[in-house]
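Chain residues, written in single-letter form:
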Amino acid sequence: MRSYLVILLLFFLQINQSFCENPFVTNYSVTDGLPTSMIYCVEKDSRGFMWFGTDKGVIRYDGHNFLVLTEDDGLSYNMVFRIKEDMEGRLWFLNFDGSVNFYDQNKIHNEETDAFLKDVRTGFMYHNFFQASDSTIYFYNVNSEINVVKDLKYIDFFDLSRESNGPVNTLYLNESPGKHFYLWSSSGNYELEDLNEVSKHIELPMSQVRVFSQNDQDVFSVDLSGNISLFRNYKLVDRNFLSVDSRFVNDILVDNEGLIWVSIFDKGVYCYRGKELLLHLKIEVPQNLLQDDENNIWAVSKKGIYKINRDIVRYSFFGTENFDGEGITAFSSSTPEGVWATNGERIFFLKGNDIYKSDKLFSDLNLNKLHHLSNDVLLVHGRMTHLFTLKEPSFNEQEKKIYFKNILTSNFLAENSIVDEKKNVVYLYDNDYVIALNVDSDSSAHWSFREGRISNVLINNNRQLVVSAASNFLVDENSIIHAQNVYNRFNGRFISAHLILDPENEIFNLIGNEMYLQHGKEFYNVLGDLQDQVDFRIRDMAYYDSTLFFFTERTIYFIHNPQKVIEGKEVELNRLGNEFHNINDIFCKDDKLFVGSDDGMTVIPIKESVNTQYQPTKPYFVRVLLDDKEIDVSRGAISYKNKNRLNIEFSSLNFSSIPSNFAYMLEGVNDNWITGTETQVVYLNLEPGNYTFKLRSRKNMEDYSEAIELPIKVVPTLWQRLITKVIVFLFLIILVFLVVRRYYQEQIRAREKDYQLATIEHRALQSMMNPHFIFNSLGSIQKFLLENKPEEAGSYLSQFARLIRQTMNSIKSNSVILDDEVERLRNYIELEQFRMDHRFGYSIEIDEKLENDDYNIPSMIVQPFVENAIWHGISTLPTKGFIKVVFEYLSDKSIRILVEDNGIGFAKSRAYSQSKNSLNISSSLTQKRVKLLGDKYKVQTGIHAEELYPGNENPGARITLILPIIE
């Protein structure tokens, strides 16, 4: 127990170790999205997610994103010491304060949600738990306190330290083949039939301080001297399996290839094959170790999380400590014995695993171009530096040193260079000139170009010089410059890299990652749409055994057999599973790919690396949003209604540096898979029905993973249901029927009214053309003629004819202009006045509002009332009578007409009338007509009769008409 506490105490101490940059090791810290760099433990759940316990909660990682869960999300305590998954897929969090949580169905359970967790809480944090074959869970700590839980219910508590012959502490607890408990302690091992009594004590030849199980069959034990012993099937089989000279071993892991990884608190992480040390990584204060489904090794520490690519033990890596703390800036074509390289200040030669180096010849120059010629001459320069020629190298095998007999410096500066190895000619260039230097004869040639800055110079398959500038020029064997050439197609697009594949094919890469293969005089686009998958600008290329390699700042891509584009076939773009820090150069030799970067030098077996079968990625659904509100998908299906926007976010479990590609489809909407790197898709206004969203993922151009599915049911709303649509359809049919029927009924009524109006108007015309009036008028004309008054007879006849014409014109329409009606009334009244020897007077008054516009009123209505006033009101008056007609404006839709006389009144007129029917026929017809007109034009109409002077001997009469104004 004391040793265990010392380890915990040392965890918080500062250990001054250094961990250099390594392309096979990725360190995640606060700058990468972690809430803290203090990581205590790591666990992989059954789905493949990585979980980390920290001092600020737990972290779930899928290879892309960190999900942080804290006390705000339900944790009892943010300092989580251990994470472990049980047989049912629940993750248990063992916290530093002795509390326990578990994670199930995307939810953290605590003492408030599950009361049994209060009983599980202990005063000293749990070290681990063991789950028996009957699913009972036994939580234990180093004090040998054990709490028992089954089916999420608290069962019992045991304190083994109180037993007289019990263990001093509990380092590890598991189940023996006889279904007994087997306990590992610093005082030995113990077998217990139950937790109440020790049945057997197995003494050991060492005092254990840490115990690590791999599969309950193989168990590693660490003693106080730093020796690691191996137990197999509960028997000690190797007392000195490994010696690590430290008792502060925090974890031991055996990976799926049998390599042994050891995490030592004060030394770092070690990797062994058997007892042979393969690797030592100086990770500060490492804790747990774990291997994921992609064979990466994970180590956690106070400096964050470390992901160790499994290839670290397959490939050769020479860190910057081998190159004065600098990276490799350039390689050169090399001798059969080894590879030449430079870090910008020295020259290095790699021979096997031995590195030879020169003195620091070129301080502060940052040389990045290195050429090795067939005569064993090295040429080296940097950007805008002199060219240095290094001749006659020699090697000191003991000191691993390189010496050069002669070092020559050129008189000119170079931006870049290229070598024609067959001629031993180096071409140096700057902004606007190219110099050809023959190394054997020290002769040179010079060309000037004024067509823009030179970006590159290359040698094609015909051994001709190509100068890439704003325009591309060709310099033939006779040093003649050709402005018109096949490379004019690239004018304005600088050639950034060039590579000869074979005598018939060469590759050109342009700024913007456009890559073309030249075959004869034809050019073929190699990448096509794949160029969007290249993350940064392509820097340079290499070719080996039908495989084209090219690299960006951090990534190396490769294409098998790029010549297939000549046949119209698409190439497959792949990438290596490592990322580097600023790749400067690559070089292929003897089935090895040499990578020079700021990390140092990496040597990768080509066939093994390009044929690596990566573990397929595992797609999963991150969350689903309906109208921007997250819904639960833990049940594996969703159902909703009355929502417009469905947003599905997804990702994949991918712990490599190779990004994931996705393919998805929504059955019922899409018939084909949609591919890309997008991680969400939005569907708008899905029709009611059943759908299935399918998702696959992959890395590189490998086969896609098995599709995962999310059933989606869009429930129709009340208005979207079939029965509702049928009811609405029937309702509409009935409604249309009723509307149509009403329309036809209205049409029938309207025609009936029009017919009635026409009949009444005809009868009104008959009343206006009263035979008595015509007979009397003709009699008056005859009288004038007999009395020898031809002028009066002519005037009367003329006025009578005008009245007849006006009356006949009124027949043509059911309305008449007010002014015309007034004129006709005036003509009629004057005829009657003339016939009756002017025994009455009259006046016609028109409202000013009616005089401002032409208003139409119903025709043949006013005259019958004027006629009644003359014949029945004032014709029998002993005195002179008077008739007054007034036209008043009521509204835009109606007009009021008053007909007044000072005659004998209604009562006397009926007594004088020969026929009551003849007295009322016109007014009754007019009343019917006025009512019909009101109905037709939706206007309140009416006729009202009253005495003008009630109580007088001759009370007179007043007729009030309310008529529509007809538009």
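Anything mentioned here points back to the structure above.
In this text, all values refer to a predicted model and were calculated from it rather than measured experimentally.

Further remarks concern the overall build of the protein. A tally of regular secondary structure across the protein gives 11 helices and 72 strands. Since a compact globule built from 967 residues should have a radius of gyration of about 30 Å, the 55 Å found for the protein marks it as more spread out than a globular shape. Taking the principal axes of the C-alpha coordinates as reference, the protein spans close to 170 × 100 × 45 Å. Expressed as a percentage of the 967 residues in the protein, the buried residues total 52%. Counted over contacts in the protein with a minimum sequence separation of 6, partners at least 24 positions apart contribute 51%. Carbon and sulfur atoms form 47% of the exposed surface of the protein, whose accessible area is close to 45,500 Å². In the protein, 100 side chains carry a positive charge and 131 a negative one; their mean positions are 7 Å apart.

For any two aromatic rings, the description comes down to two numbers: the centre-to-centre distance and the angle of the planes. Considering all chains together, one arrives at 56 aromatic pairs under this definition. Plain terms: the ring middles of Tyr126 and Phe139 are 5.5 Å apart, the flat faces sit at 45° to each other, and that makes the pair tilted. Note that Tyr126 is positioned in the loop between helix H2 (116–120) and strand S10 (128–131) and Phe139 in strand S11 (residues 137–140), a separation of 13 residues in sequence. For Tyr126, a relative accessible area of 1% translates into the label buried. In this structure an aromatic cluster arises from ring pairing among Tyr28, Phe52, Tyr61, Phe66, Trp298 and Phe655.

Right, let's get into helix H7 (residues 818–835). Each α-helix turn comprises 3.6 residues. Residues three or four places apart therefore point the same way. In this model, H7 (18 residues) spans 26 Å end to end at C-alpha, consistent with the 26 Å of a helix rising 1.5 Å per residue. When we look at burial in H7, the residues that qualify are Leu818, Glu821, Val822, Arg824, Leu825, Asn827, Tyr828, Ile829, Leu831, Glu832 and Gln833. Positive backbone phi, approximately 55°, marks Asp837, located one or two places after H7.

All right, on to a nonpolar patch on the surface then. There is a patch of nonpolar side chains on the surface, built from Leu718, Trp719, Val728, Phe731, Leu732, Leu735 and Val739 and spanning about 710 Å² of accessible area. As for its placement among the helices and strands, Trp719 is situated in the loop between strand S65 (708–714) and helix H4 (722–768).

Sheet architecture is open: 4 strands sit in the order S22-S23-S24-S25, paired in antiparallel fashion. The open sheet is flanked by strand S22 (249–254) and strand S25 (276–281), the only strands paired with a single partner. The sheet shows a mean angle of 20° between the axes of neighbouring strands, direction not considered. Where S22 and strand S23 (residues 260–264) come together, 5 bridges link them in antiparallel fashion. The residue of S23 that forms the bridge with Val254 is Ile260.

Counting residues in hydrophobic clusters, the biggest one holds 40 residues, and the most contacted among them are Val866, Val885, Phe887 and Ile897. Only helix H6 (790–811), H7, strand S67 (840–846), helix H9 (862–874), strand S69 (881–889), strand S70 (894–901), helix H11 (916–937) and strand S72 (957–964) provide two or more residues apiece to this core. No other element matches H9, which puts 7 residues into this core. Residue contacts for Ile897: discarding those within four places in its chain leaves Ile857, Val862, Val885, Val886, Phe887, Ile959, Thr960, Leu961 and Leu963.

Right, let's talk about the environment of Leu684 for a bit. Along the chain, Leu684 turns up in strand S63 (residues 680–684). When the C-alpha atoms of Leu684 and Asn647 are compared, they prove to be 8.7 Å apart, with 37 residues separating the residues in sequence. Beyond its immediate chain neighbours, meaning those up to four positions away, Leu684 contacts Asn644 and Arg645.

Take the pattern of salt bridges next. Enumeration over the complete set of coordinates arrives at 42 salt bridges. Note that Glu111 is salt-bridged to Arg121, the shortest N-O span being 2.8 Å. Within this pair, whereas Glu111 is found in the loop between strand S9 (107–109) and H2, its partner Arg121 is found in the loop between H2 and S10, the two being separated by 10 residues in sequence. We classify Arg121 as partly exposed; its relative accessible area is 35%. Among the ionic pairs, Asp255 bridges to Arg310, the shortest N-O distance being 3.0 Å. Placement of the pair is Asp255 in the loop between S22 and S23 and Arg310 in the loop between strand S28 (304–308) and strand S29 (316–319), with a sequence separation of 55 residues. Here the two residues Asp255 and Arg310 agree in accessibility, since each one is buried. Ionic contacts of the salt-bridge type, sharing partners, join the residues Asp255, Glu257, Arg310, Asp311, Arg314 and Glu608 into one network.

With that settled, the discussion passes to the sheet that holds strand S45 (residues 481–482). Judged by pairing direction, the sheet is antiparallel, and its 4 strands sit side by side in the order S42-S43-S44-S45 without closing on themselves. With one partner strand each, in any of the chains shown, strand S42 (456–459) and S45 form the two edges of the open sheet. Where strand S43 (residues 465–468) meets strand S44 (residues 472–475), 4 bridges bridge the pair, whose relative direction is antiparallel. Bridge pairing in S44 links Leu465 to Val475.

Our focus in this paragraph is a negative patch on the surface. Side chains of Asp819, Asp820, Glu823, Glu848, Glu851, Asp853 and Asp854 sit close together on the surface and give a patch of like negative charge. Breaking the negative patch down by element, the ones donating at least two residues are H7 and helix H8 (848–851). If one sorts the elements of the negative patch by residue count, H7 sits on top with 3 residues. Among the secondary structure elements, Glu851 is positioned in helix H8. Take Glu851: its relative accessible area is 54%, and that puts it in the exposed class.

The next thing to look at is unusual backbone geometry. Phi is mostly negative for residues that are not glycine, and the peptide bonds are mostly trans. Phi is positive for Ser546, which is not a glycine, with a value near 70°. At Asp590, a position not held by glycine, the phi torsion is positive, near 55°. As for its position among the elements, Asp590 is in the loop between strand S54 (583–589) and strand S55 (592–597).

The next subject is the pairing of strand S21 (residues 235–243). Inspection of the sheet shows strand S20 (residues 227–232) paired to S21 by 5 bridges, in the antiparallel sense. Directly across from Asn227, in S21, lies its bridge partner Ser243.

If you check H9, its first and last C-alpha atoms are 17 Å apart, about what 13 residues at 1.5 Å a residue would give, namely 18 Å. Of all 13 residues in H9, 13 are buried, a share of seventy percent or more.

As a further point, take the packing of H7 against H9. Viewed as axis vectors pointing N to C, H7 and H9 meet at an angle of 20°, and their least axial separation amounts to 11 Å. When the axis of H7 is compared with that of H9, the two are roughly parallel. The hand of the H7/H9 crossing is right-handed. Residues Glu821, Arg824, Leu825, Tyr828, Ile829, Glu832 and Arg835 of H7 touch H9, and the partners they reach there are Val862, Gln863, Val866, Glu867, Ile870 and Trp871. Taken together, the residues that form the contact of H7 with H9 break down as 7 nonpolar, 1 polar and 5 charged.

The next subject is the environment of Leu195. Relative to the helices and strands, Leu195 is located in the loop between strand S16 (188–194) and strand S17 (197–202). On the basis of relative accessible area, Leu195 is assigned to the buried category, the value being 5%. Along the backbone, Leu195 and Phe158 are 37 residues apart, and their C-alpha atoms lie at a distance of 6.8 Å.

Rules behind the numbers
Residues numbered from 1 in each chain as written. Predicted model: local features only at pLDDT ≥ 70, side-chain atom pairs only at ≥ 80, totals over all residues. Heavy atoms only, no water. Helix = DSSP H or I, 4+ residues; strand = E, 2+ residues; numbered from the N terminus. Rg over C-alpha atoms; globule rule 2.2 N^0.38 Å. Buried < 20%, exposed > 50% of the residue type's maximum accessible area, 1.4 Å probe, protein only. Contact = heavy atoms within 4.5 Å. Areas by Shrake-Rupley, 256 points an atom, 1.4 Å probe, with all protein chains shown as cover. Lys, Arg positive; Asp, Glu negative; His and termini not counted. Charge placed at Lys NZ, Arg CZ, Asp CG, Glu CD. Phe/Tyr/Trp six-rings, centres within 6.5 Å; stacked < 30°, edge-to-face > 60°. Expected span 1.5 Å × (residues − 1). Patch = residues over 30% accessible without salt bridge, like charges linked within 9 Å, V, L, I, M, F, W, Y side chains within 5 Å. Salt bridge = Lys/Arg side-chain N within 4 Å of Asp/Glu carboxyl O. Pairing = 2+ DSSP bridges. Axes fitted to C-alpha atoms, helices over the stretch in contact; angles between N-to-C directions. Core = buried A, V, L, I, M, F, W, Y, C linked by side-chain atoms within 4.5 Å. Parallel < 35°, antiparallel > 145°, perpendicular 65-115°, else oblique. Left-handed = near helix turned anticlockwise from the far one by under 90°. Nonpolar A, V, L, I, M, F, W, Y, C, P; charged D, E, K, R; others polar.

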